[in-house]
Amino acid sequence: MKILKTFLAATAATTAIVAGALSASAADYPDRPITLIVPWGAGGGTDATGRILATMMEEKLGQPVNVVNRTGGGSVIGHKEIADAAPDGYTLGIITTELSMFHWAGMSDLTYQDYTTIGLYNADPSSVVVKTGTAVEDMDSLVAAIREDASAIRAGGANQGGLNHLAYVSLVNELGGNRAFWVPTEGAAPALQLLASGAINVGVVQLPEAQGLIDAGELKAVAILGAERNPDHPDLPTIKEATGVDFPISGWRGLGGPKGLPEDIRATLVSAMEEIVASDEFVELMATRAYGVVWEGGDAFTDYLARRDEAFGAAMTSAGLVKQ
């Protein structure tokens, strides 16, 4: 009996020490560098906005935030690395639109429920972009080409089964085209390189991702897949205005961590993110690159993702992209 009491006392003491250490660790968070995983390649919108966020998180949290690009599998590899990380707050990541689509497309079982949500900070519609000086260099010629033979038009913008692929397949279907031809890439940047070189005929990307090549005169935006015109590009028609087809579709980006992140660490990150996203500096940095700023923190972000999951499931079912 005495041995049992001694054992129980020792166990209780050990538990108290561990609990105290965890509490102290959380109270001191962060006390070492944080890794921020970006599941897409350098040069794209997720990389660009992630690096803006990382720089401002460093200032707010007082520790280095190191951006690491983990590409592959249409962003499945990077998203899975975020989900599989230790839930201690030292490995976080930018989670993106494709998380709303993985399980519908049969790419992965990952869903928003595999993460601790911290904050939504960006949402933008995609746009249709073409190469200047080619047979397909405006929306009218693109629509005519799709209706004649969509399989002869090579399109790209990111991975197979992702947001931009869904947008293009939906456009082809709505225009009565046949067999959309999609060239998958690991993000928008390589797709835009293919478009600029003439290897593909049309790109579906977020407008800021193509802005540099548009400014250089190599590419031209012909429509935006939003419900309203972009105030920074008032002459660019919506897809409904350009084609009569009405299917506004937007992508999103947010900060997340692995499931099981301690609530006090989550609260620290949500608070820091909310201050960052509300700051004039963040808004101006995003605006100079034409990225939209939105904010949904913590549980509100979770609710947003639940609605996105349902909406993308319905859209992908309609487009014939759902795989059981």
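For the structure, check the block above.
Residues numbered from 1 in each chain as written. Predicted model: local features only at pLDDT ≥ 70, side-chain atom pairs only at ≥ 80, totals over all residues. Heavy atoms only, no water.

Chemist: Let's hear about the environment of Gly212: which residues, and what values?
Modeler: Among the secondary structure elements, Gly212 is positioned in helix 8 (residues 207–215). Overall, the relative accessible area of 52% leaves Gly212 in the exposed class. Separated by 63 residues in the primary sequence, Gly212 and Glu275 have C-alpha atoms spaced 29 Å apart. (Helix = DSSP H or I, 4+ residues; strand = E, 2+ residues; numbered from the N terminus. Buried < 20%, exposed > 50% of the residue type's maximum accessible area, 1.4 Å probe, protein only.)

Chemist: For the nonpolar core, give the residues involved together with the corresponding values.
Modeler: Counting residues in each nonpolar core, the largest one holds 50 residues, and the members touching the most others are Met139, Tyr168 and Trp252. In this structure, Leu36, Met57, Ile118 and Tyr121 belong to the second largest nonpolar core, which totals 28 residues. (Core = buried A, V, L, I, M, F, W, Y, C linked by side-chain atoms within 4.5 Å.)

Chemist: Give a detailed account of helix 12 (residues 299–319), specifying residues and quantitative values.
Modeler: In this model helix 12 runs 30 Å from its N-terminal to its C-terminal C-alpha over 21 residues, within 8% of the 30 Å that 1.5 Å per residue would give. Burial in helix 12 covers these residues: Phe301, Tyr304, Leu305, Asp309, Phe312, Gly313, Met316 and Ala319. Looking at the packing, one finds that the buried side of helix 12 touches strand 3 (91–96), helix 4 (102–105), strand 4 (115–131), helix 6 (163–174), strand 9 (250–258) and strand 10 (296–297). Positive backbone phi, approximately 75 degrees, marks Gly320, located one or two places after helix 12. (Expected span 1.5 Å × (residues − 1). Contact = heavy atoms within 4.5 Å.)

Chemist: If you had to explain a negative patch on the surface to someone new, which residues and values would you point to?
Modeler: Taken together, the side chains of Glu58, Glu59, Asp280, Glu281 and Glu284 make up a negatively charged region of the molecular surface. Of all elements in the fold, only helix 2 (45–61) and helix 11 (280–288) reach the threshold of two or more residues within the negative patch. Take the negative patch: its biggest share by element is 3 residues, from helix 11. Mapped onto the elements, Asp280 comes out in helix 11. (Patch = residues over 30% accessible without salt bridge, like charges linked within 9 Å, V, L, I, M, F, W, Y side chains within 5 Å. Areas by Shrake-Rupley, 256 points an atom, 1.4 Å probe, with all protein chains shown as cover. Salt bridge = Lys/Arg side-chain N within 4 Å of Asp/Glu carboxyl O. Lys, Arg positive; Asp, Glu negative; His and termini not counted. Charge placed at Lys NZ, Arg CZ, Asp CG, Glu CD.)

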